[in-house]
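Spelled out, the chains give:
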Amino acid sequence: MARSSANQNTYKTKKEKSGSKKTIRLNFLHDKRFHLAVGFFLMALSIFLFISFLSYLFTGKYDQSVIGAIGSEDSRDLGLESKNWLGLLGAWASHLFIFKWFGIAAFFIPPLTFFSGLEILTKKPIFSLWRFSQLSVFALIWISLMLGYMVYQSENLQELQYICGGIGFEFAIVLHSLIGWGTIIFLLLSLAIFVIFFLDINNIFSFKTAFTNQEEQNTENENETGIGANPFDSASAEDVEKAFDLYEDYKGEDAEQEELEDNNEDIETSSTELVIEEAPKEEKIEKAEEDHELEVEVTKEEKHISELEHYDPKLDLSDYKYPSVNLLKDYEDTGGKVTKEELEANKDNIVATLLNFKIGISSIKATIGPTVTLYEIVPEAGIKISKIKSLEDDIALNLAALGIRIIAPIPGKGTIGIEVPNKNRELVSMKSVVTTEKFQDFDKELPVILGKTISNELYISDLTKMPHLLMAGATGQGKSVGLNVILTSLLYKKHPSQLKFVLVDPKKVELTLFNKIEKHFLAKLPDSEEAIITDTKKVINTLNSLCIEMDTRYEMLKDAGCRNIKEYNKKFTSRRLNPENGHRYLPYIVLIIDELADLMMTAGKEVETPIARLAQLARAIGIHLVVATQRPSVNVITGIIKANFPARISFKVTSKVDSRTILDAGGADQLVGMGDFLFSQGSETVRLQCPFVDTDEVDKLCDFISEQRGYESAFKLPEYISEDDEKIGDFDIKDRDSMFEEAARLVVLHQQGSTSLIQRKLSLGYNRAGRIIDQLEAVGIVGGFEGSKARQVLIPDEHSLEQYLSDLIKD
């Protein structure tokens, strides 16, 4: 009784302290109406998924284009085009679960969802939902992987790739690359292990029922392990007597403790409130809270800014619609399929040629691409690689084909590659690559489609990672089409507020189509009439203007404490940078020069120097260069330019010397033309087929963009005035700068005549600020140049300045 009394006192003490505890009410979790709502929702969801999955088997291929256009076209129009029985949402859900994830194994998901909802509604388990969940999850992964391996191994099943889903197919490729046909053993072994544990097989002849009720299963497990088992079922009389004695001792010693635990259990379960203990150090917490309030008062302005909505750079053109893929052409099948007879003939010729030179082959494998077929051979032991590479012309002679290229060895594979052009090449259209899921889901900053590889895979790169691109190729080999492909890729993925182009076209005819999108995507000098730059003098001014923009942006990054444009824009959009201090949202700028050779011939160092500066420094502040030339000679692609362009593209060139100039390696002279090119970035060189985009397609794309509401004018680059453009002695007050009076008031107010002061306070470029300070000197407001010192201000105060300016303008 004494112990019981003490326990009661303890209970009272705890009850009295309970008033200081905080509670979180979760009563709704016990509400039967909430259970009914969740149960019906899960059952309805399961029916929705099952019908959409079933419809996908018949309508999935028709909805691929609809899914690809989500986000770029109106959802209502897409919903009308969708063939799925449950509309656009059904098409999207079935595409996600079946095509991208699990294939037809996704049909295990609706039953699992249905029975989960049914169990919540009835509160009577029909069978073990937990075990059914285990089976469903295993089936999702195993069946998807098994079908993925079957599809990967069988050419006949390639058209039914959706049956395995993206996860199954990718994992099957990984497993095959690691263990080859051992993938089959892995699948059988994993199935056997799962069956053993799932059915609880102790020996080959006895196992438990798979879907026994969970409570019955637990009871059986307890009986087998002795936990909770009845001690009188299989015990002798002596064992029973000993068990009674032990039970009485246990009961006598711990009866009160059990009673207290029972009471506590009643107390804890009698309420639906969740009890949370207070933190022990109350004084320190209160002090910390006071300090926090003081800090909030000090930074009240910053808190107000942080509570504002994030700045949206797209807001000025919030109604802008991204181009539709329907603007691009659907080209008919050109019949560019490689026949089995052609493959066999090429294989026999390669083997025969090598045998003539006593070179044996242990294996040969063919990979068919849109333009060329890659034959990978493994020579017999003791064969020198250089001996095979020297037979390039002999193999070309026997195959009667142009453009034979030998890769000895293929990096990372341990084989020798022989690239043989296809007799009937396949046309890679721009629409076929833009509508791919890989491009639609590519979420890098500046996504650029380059082409298709030999294995028919789409090759996409991020221009910000290159960070600049150098292109070369003889006339008519696809260089201009390649530039149009790059521009089209960016127009399909970026909003006008995020990207601006500076287009330089000395030939005056290649890039003129993009004039239509001047008010959306183009940038130009303030005094320039045409956005496409064709005059050499304006090219020099534009390049120097971009250098000024680069320096200005670096100053802004320095003030903001950021390392690159991505960090800066993130900080600006979250309103942590004040526009009143000169900060602004920075769009990416892509400079495209269509013919560098002409500029180097006419301007030389005046062009090379700013290009080299931009290539060396402009990456971090979002200015990227794409430079093309048809003459890749050393006096055009100089050492300074090459050093700063690690990413290079070479279409077919006329000689091995040109190939080494652009790529630092041979091979570009062996290409077959018409968009066939080599892409080099670092030590990796990839052969690709450039997509084809016609002039009419580019015209329609630019028309679609130009018909929408744009900005008032093109993006203004900083003004650049060359040293010879204006002399101080020739200054006329009528030709003064528009910021002349404001700059005069600024220098008189600060009594400091410095170019940097005007540049910083008025957010002007260095050259324009220098021109204004020269004009102030010409009219006698500031003194002459004094080296590193600031110029002397000759007007004492603002009142005198206003009188002086009034008299000056009247005269």
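Parameters at a glance
Residues numbered from 1 in each chain as written. Predicted model: local features only at pLDDT ≥ 70, side-chain atom pairs only at ≥ 80, totals over all residues. Heavy atoms only, no water. Axes fitted to C-alpha atoms, helices over the stretch in contact; angles between N-to-C directions. Helix = DSSP H or I, 4+ residues; strand = E, 2+ residues; numbered from the N terminus. Parallel < 35°, antiparallel > 145°, perpendicular 65-115°, else oblique. Left-handed = near helix turned anticlockwise from the far one by under 90°. Contact = heavy atoms within 4.5 Å. Buried < 20%, exposed > 50% of the residue type's maximum accessible area, 1.4 Å probe, protein only. 1 Å grid on protein atoms, 1.4 Å probe; cavity = no way out; pocket = protein on both sides within 12 Å on 5 of 7 lines; lining within 4 Å. Points joined across faces, edges and corners; volume = space filled by probe spheres on them. Patch = residues over 30% accessible without salt bridge, like charges linked within 9 Å, V, L, I, M, F, W, Y side chains within 5 Å. Areas by Shrake-Rupley, 256 points an atom, 1.4 Å probe, with all protein chains shown as cover. Salt bridge = Lys/Arg side-chain N within 4 Å of Asp/Glu carboxyl O. pLDDT = per-residue confidence, 0-100. Pairing = 2+ DSSP bridges. Phe/Tyr/Trp six-rings, centres within 6.5 Å; stacked < 30°, edge-to-face > 60°. Lys NZ or Arg CZ within 6 Å of the ring centre and 35° of its normal.

A.B. asks: Would you take a moment to explain the packing of helix 28 (residues 740–750) against helix 31 (residues 798–810) for this structure?
C.D. replies: Helices that pack against each other are described as a pair by the angle of their axes relative to one another and the distance between those axes. Orientation of helix 28 relative to helix 31, taken along the N-to-C sense of each, is 150°, at an axis distance of 10 Å. For the element pair helix 28 / helix 31, the angle class is roughly antiparallel. Once helix 28 is placed against helix 31, the crossing between them reads as right-handed. Residues F740, E741, A744, R745, V748 and L749 of helix 28 pack against E798, L801, E802, L805 and I809 of helix 31.

A.B. asks: Would you explain the environment of P467 in this entry?
C.D. replies: One can find P467 in the loop between strand 8 (458–462) and strand 9 (469–472). Residues contacting P467, with those up to four places away along its chain left out, are R619, H624, L625 and P646.

A.B. asks: Explain the side chain of T542 to me, please; I cannot follow it from the model alone.
C.D. replies: Within the secondary structure, T542 is located in helix 21 (residues 536–560). With relative accessibility at 2%, the residue T542 sits in the buried group. With residues up to four places along the chain from it excluded, the contact list for T542 reads V502, L525, I533 and L717.

A.B. asks: I tried to follow the environment of A44 on my own but got confused; where do I start?
C.D. replies: In this structure, A44 sits in helix 2 (residues 32–59). Owing to a relative accessible area of 45%, A44 belongs among the partly exposed residues under this scheme. When the C-alpha atoms of A44 and F114 are compared, they prove to be 7.8 Å apart, with 70 residues separating the residues in sequence.

A.B. asks: Looking at this model, I keep getting lost on the layout of surface pockets. Mind explaining?
C.D. replies: In this approach the atoms are scanned with a rolling probe the size of a water molecule, which exposes any empty space left behind. What the second largest pocket holds in volume is close to 1200 Å³. If you trace the second largest pocket, you find 36 residues lining it, with T552, M556, G582, R584 and S763 closest to the centre. Looking at the lining of the second largest pocket, the elements that each hand over two or more residues are helix 21, strand 17 (715–716) and helix 29 (755–761). Broken down by element, the lining of the second largest pocket gets its largest block of residues, seven residues, from helix 21.

A.B. asks: Help me understand a nonpolar patch on the surface in this model?
C.D. replies: A cluster of nonpolar side chains, namely L57, F58, W85 and I104, defines an oily patch on the protein surface of about 400 Å² accessible area. Of note, I104 is situated in the loop between helix 5 (87–102) and helix 6 (109–122).

A.B. asks: How should I be thinking about the confidence of the model for the chain in this particular structure?
C.D. replies: Any segment with low pLDDT has predicted coordinates that should not be analysed in fine detail. Overall, the predicted model of the chain reaches an average pLDDT of 79, with 80% of residues at or above 70. Summarising per-element confidence for the chain, the mean pLDDT is lowest in strand 2 (residues 273–276) (32) and highest in strand 12 (residues 588–593) (96). Of the regions scoring below 50 in pLDDT, residues 205–244 engages in 35 contacts with residues more than four places distant in sequence or in other chains. Here residues 246–307 is a poorly scored stretch, pLDDT under 50, and it has 27 contacts once near neighbours within four places are set aside; other chains count.

A.B. asks: Is there a simple way to explain the sheet that holds strand 5 (residues 405–407) in this structure?
C.D. replies: As a general point, the strands of a sheet are linked pairwise by backbone hydrogen bonds and lie either parallel or antiparallel. Here we have four strands laid out as an open sheet, ordered 3-4-6-5, and antiparallel in their pairing. Edge positions in the sheet fall to strand 3 (361–368) and strand 5, since each has one partner strand and no second. Direction aside, neighbouring strands of the sheet carry axes that sit 20° apart on average. As paired elements, strand 4 (residues 372–379) and strand 6 (residues 416–421) share six bridges and run antiparallel to each other. Along strand 6, the bridge assignment pairs T373 with V420.

A.B. asks: What's the story with unusual backbone geometry in this structure? I'm lost.
C.D. replies: Across residues other than glycine, the phi torsion is negative in most instances, and most of the peptide bonds are trans. Following M466, the chain continues into P467 via a peptide bond in cis, with omega recorded as -5°. Residues other than glycine seldom take positive phi values, yet Q751 does so here, at roughly 50°. As for its position among the elements, Q751 is in the loop between helix 28 and helix 29. Of note in the backbone geometry, S763 takes a positive phi value of approximately 55° without being a glycine. Inspection of the secondary structure assignment puts S763 in the loop between helix 29 and helix 30 (766–778). With relative accessibility at 55%, the residue S763 sits in the exposed group.

A.B. asks: Please clarify how the packing of aromatic side chains should be interpreted in this entry.
C.D. replies: Two descriptors summarise a pair of aromatic rings, namely the distance from one centre to the other and the angle between the planes of the rings. Per the stated rule, a full pass over the model turns up 19 aromatic pairs. Aromatic pair F53 and F97: ring centres 5.7 Å apart, planes at 50°, arrangement tilted. Placement of the pair is F53 in helix 2 and F97 in helix 5, with a sequence separation of 44 residues. Considered together, F53 and F97 belong to a single accessibility category, that of buried residues. With a centroid separation of 5.4 Å and an interplanar angle of 85°, the aromatic rings of Y311 and F572 are classed as edge-to-face. Of this pair, Y311 sits in the loop between helix 13 (300–307) and helix 14 (340–356) while F572 sits in helix 22 (residues 565–573), and the two are 261 residues apart along the sequence. Residue class for F572 comes out buried when judged on its relative accessible area of 9%. Above the ring of F439, the side-chain terminus of K493 is found at 5.2 Å from the ring centroid.

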